[in-house]
Amino acid sequence: MDRREFVRNSALAFCALPAIPAIGGIVPRRVKADTMPEWLQTLVKQADKSIESLLTYQEKDSKSPDLGGLRDGFDLLNPHSTSALIQYGASGLFSPSSKYYRSKDLLADMDLAALYLVKTQHSDGTIDLLSTNFHSTPDTGFLVKRLTMAYKLIEQSGTEGADKMLSNLKTFLIRGGDALSVGGIHTPNHRWVVSAALTKLNELWPNPKYVARAEQWLAEHIDIDRDGQYNEKSTFIYSSLTDRLLITIGKGLQKPELFDAVRKNLDMTMYYVHPNGEIVTDASGRQDKAVVGTLENYYYPYRYFAIKDGNGQYAAMCRLIEKTAGLKTTGFADYFLTDPSLWTELPAEKPVPVNYVKTFPNSGLVRIRRDRWDSTLIANNPVWFTFMKGNAVLQGVRFASSFFGKGQFQSEKVHENGKEWVLTQKLDGPYFQPYPKESIAPDGDWEKMPRNFRPQSEVQILETKVIIRETSGGMEIEVVTNGTERVPAALELIFRPGGTLKGVSKIENTKDSWLLKEATGSYELGGDTISFGPGLALHKNIALRGALPAMEAPTVYLTGFTPFKHVIRFS
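Residues numbered from 1 in each chain as written. Predicted model: local features only at pLDDT ≥ 70, side-chain atom pairs only at ≥ 80, totals over all residues. Heavy atoms only, no water.

Draft legend 1. Representation of the overall build of the protein chain within the structure. On a plain count of helices and strands, the protein chain comes out with 13 helices and 24 strands. In terms of principal-axis extent, the alpha carbons of the protein chain reach across some 80 × 65 × 45 Å. The buried share of the protein chain, reckoned over its 571 residues, is 57%. Sequence separation of at least 24 residues holds for 69% of the intrachain contacts in the protein chain that already meet a minimum separation of 6. Only carbon and sulfur atoms are counted for the fraction: they give 51% of the accessible area of the protein chain, which is about 23,700 Å². Of the side-chain charges in the protein chain, 67 are positive and 65 negative, and the distance between the mean point of each set is 2 Å. (Helix = DSSP H or I, 4+ residues; strand = E, 2+ residues; numbered from the N terminus. Buried < 20%, exposed > 50% of the residue type's maximum accessible area, 1.4 Å probe, protein only. Contact = heavy atoms within 4.5 Å. Areas by Shrake-Rupley, 256 points an atom, 1.4 Å probe, with all protein chains shown as cover. Lys, Arg positive; Asp, Glu negative; His and termini not counted. Charge placed at Lys NZ, Arg CZ, Asp CG, Glu CD.)

In structure tokens, the structure reads:
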């Protein structure tokens, strides 16, 4: 698994249960089974499955130059998979409830993994992310951050013979620290990855250069906006990662002021929750854009501040995550094992928002939620509307016309106008006259006579306005166009796969495309139903030139011509 997959999918299974009071202080060198809360013991036992799986990917041939390394799903030996064995293995060695508790065999395999990391580490201290980054300081930071936590757990586990393995791991970590002290980054969150890794190194082996480099990055200030969102707007992956990193830095470098950004993001995130416990990802600027994601990555920051601040809403968010994504939080076992303050009982819950209209202008997003259903309006996106009702999900609405091959509708902003929201687009389609005689290329090269210098004529205009309103039991969309007439157009309703459509007609020679000809249709999944209509079907051309290709999902089309004017309701 590469780092991105690891960030997204490292957790296997964990169901968090009510915790016992905090034991406080430093984790003892010898941990007794009855000092660890039941939910954490459950987590550790589930993490054992990860260890068992990872071991099957390790190279064990003593004659192989790759001895100790782990392969990913593409059969590539890589430092990230190798590091994962040490990370998960540490929880096993440390925890009495693990079947790997103080296992000499597992320790030997982890030692081989550490030696492989040292062997494949570059002379500058960096490692490679084989899918994209080479001699990568940020990817080194991702590994070092978690491996310092593993080092602490292994050291405190009391496992016989651990000193040798720890010596090899320390070699990798110290060399990595040299890279992190001077190396560069790519993205906003990389600054905090590097700083958090340096913070953890400094806790183990204090070094002024670690702190000085972290301070350099921190001097750029935290990239959080007025909405409470970080620059990348990556709600599933990097926002929660940044929350965890800032907690690490704030604790380790005694900078509690960093916690303000985390709290602000956690407050915002409460309004990004769908009724089924998924998180809104439509405005992300990273690879998690529009993915189906749950809230497991936020469990640690919500639990940390629920306990630290006595915040009942954060406690309620923890319970929601336990209910909807508890089996996905095992990848954060090291966070809980290294911080016994999190073993205590959560404070009393307070209600989280479930009935609201909330605008996030910096993200170009509007959220409307009414308990069991919600809707999201999105700017700068060809998918500009979603509607979810329990398990039934309309994951996107798009509109396009065949206007000069550029008719995919997208609005720069979502304008609020009283009790409605308006999205607009204006397109032009000119024709071009002969090139100015004095500027004609002597060799007749078309590329030397660019269009922007040609006089225009017969300019066609197409203006599209989408008006969205809340109704008594849902939402309605009105689409209106003005300008050039007889342009074929289509409105797409893209549903999540797995449900049942009714009241629609299959379009021949398509996999999962349907027409809503009249009246209303419905989509049912898991006992929940979205009703939509009325329909419109004036043609069957759903692959309009210039429109985005159809998604791999059941899609209902409403078709017509400009001037297009139609209202469709969802409930």
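Draft legend 2. Structural view of the packing of helix H11 (residues 299-309) against helix H12 (residues 312-325). Close contact between H11 and H12 brings their axes to 8 Å; oriented N to C, the two are set at 145°. Read as a crossing pair, H11 and H12 show a hand that is left-handed. Here Tyr299, Tyr302, Arg303, Phe305 and Ala306 of H11 lie close against H12, whose contacting residues are Tyr314, Ala315, Met317, Cys318, Ile321 and Glu322. Within the contact of H11 with H12, the residues separate by chemical class into nine nonpolar, no polar and two charged. (Axes fitted to C-alpha atoms, helices over the stretch in contact; angles between N-to-C directions. Left-handed = near helix turned anticlockwise from the far one by under 90°. Nonpolar A, V, L, I, M, F, W, Y, C, P; charged D, E, K, R; others polar.)

Draft legend 3. Examining the environment of Arg226 more closely. Here Arg226 is to be found in the loop between helix H8 (208-218) and helix H9 (238-252). Here the alpha-carbon distance between Arg226 and Ser363, two residues 137 residues apart in the chain, equals 9.9 Å. Setting aside residues no more than four positions away along its own chain, Arg226 makes contact with Lys264 and Asn362.

Draft legend 4. Up close: helix H7 (residues 188-204). Its 17 residues give H7 an end-to-end C-alpha distance of 26 Å, which sits within 8% of 24 Å, the value for a rise of 1.5 Å per residue. In terms of burial, H7 is largely enclosed, as 14 of its 17 residues are buried. (Expected span 1.5 Å × (residues − 1).)

Draft legend 5. Quick peek at the sheet that holds strand S24 (residues 565-570). Read across the sheet, eight strands follow the order S13-S14-S15-S16-S24-S22-S21-S18 without closing on themselves; strand pairing throughout is antiparallel. The open sheet is flanked by strand S13 (415-417) and strand S18 (500-502), the only strands paired with a single partner. Averaged over neighbouring strand pairs, the angle between their axes works out to 20° when direction is ignored. As defined by bridge partners, strand S16 (residues 475-483) adjoins S24 across six bridges and the pair is classed as antiparallel. Paired with Val479 across the two strands is His566, which belongs to S24. (Pairing = 2+ DSSP bridges.)

Draft legend 6. Quick look at the side chain of Thr242. Mapped onto the elements of the fold, Thr242 is located in helix H9. You can call Thr242 buried: its relative accessible area is 3%. Here the side chain of Thr242 touches Tyr238 through a polar contact of 2.8 Å, landing on its backbone oxygen. Setting aside residues up to four positions removed in sequence, Thr242 forms contacts with Asn189, Trp192 and Tyr230. (Polar contact = N/O pair within 3.5 Å; in protein donor to acceptor, adjacent residues only side chain to side chain.)

Draft legend 7. Geometry of the nonpolar core. Grouped together as the largest cluster of nonpolar side chains are 102 residues, with contacts concentrated most on Ile86, Ile154, Phe172, Leu173, Tyr302 and Phe336. Among the elements that take part in this core, helix H5 (residues 137-157) stands out by supplying nine residues, more than any other. Beyond its immediate sequence surroundings of up to four residues, Ile154 is in contact with Ile86, Ala90, Leu93, Met110, Ala162, Met165, Leu166 and Leu169. With 38 residues, the next largest nonpolar core counts Trp373, Leu491, Phe495 and Leu516 among its residues. (Core = buried A, V, L, I, M, F, W, Y, C linked by side-chain atoms within 4.5 Å.)

Draft legend 8. Representation of the environment of Gly535 in the model. In this fold, Gly535 is placed in the loop between strand S22 (528-533) and strand S23 (555-561). When its relative accessible area of 12% is taken as the criterion, Gly535 is described as buried. Sequence separation between Gly535 and Thr137 is 398 residues; the distance between their C-alpha atoms is 54 Å. Not counting chain neighbours up to four residues away, the residues in contact with Gly535 comprise Leu516, Lys517, Glu518, Ala519, Leu558 and His566.

Draft legend 9. Highlighting empty space enclosed by the protein. Tallied over the entire structure, the rule returns two cavities of 30 Å³ or more. Here the second largest cavity is characterised by a volume of approximately 50 Å³. In terms of lining, the second largest cavity is formed by Gln87, Tyr88, Ser91, Thr330, Gly331, Phe332, Ala333 and Asp334. Of all the elements in the fold, those that place two or more residues in the lining of the second largest cavity are helix H3 (79-94) and helix H13 (333-337). When residues in the lining of the second largest cavity are grouped by element, the largest group, three residues, is from H3. For the lining of the second largest cavity, a count of residues per class yields three nonpolar, four polar and one charged. (1 Å grid on protein atoms, 1.4 Å probe; cavity = no way out; pocket = protein on both sides within 12 Å on 5 of 7 lines; lining within 4 Å. Points joined across faces, edges and corners; volume = space filled by probe spheres on them.)

Draft legend 10. The confidence of the model for the protein chain, seen in detail. Per-residue confidence for the protein chain gives a mean pLDDT of 93; residues scoring 70 or more make up 94%. Taken as a whole, residues 1-31 scores under 50 in pLDDT and shows 110 contacts with residues more than four places along the chain or in a different chain. (pLDDT = per-residue confidence, 0-100.)

Draft legend 11. Structural view of the pairing of strand S11 (residues 392-401). Of all the ten residues making up S11, nine are buried; the element is thus mostly covered by neighbouring parts of the structure. Strand direction decides the pairing type here: strand S10 (residues 385-389) and S11, joined by four bridges, are antiparallel. Across the sheet, Phe387 pairs through a bridge with Leu394, a residue of S11. Counting the residues between successive antiparallel strands, the hairpin from S10 to S11 contains two residues, one of them, Gly390, with a positive phi of roughly 65°. Bridge count between S11 and strand S12 (residues 407-408): two bridges; the pairing is antiparallel. Within the sheet, the bridge partner assigned to Ser401 lies in S12 and is Gly407. Here S11 hands over to S12 after five residues, with Phe404 in that stretch at a positive phi of 55°.

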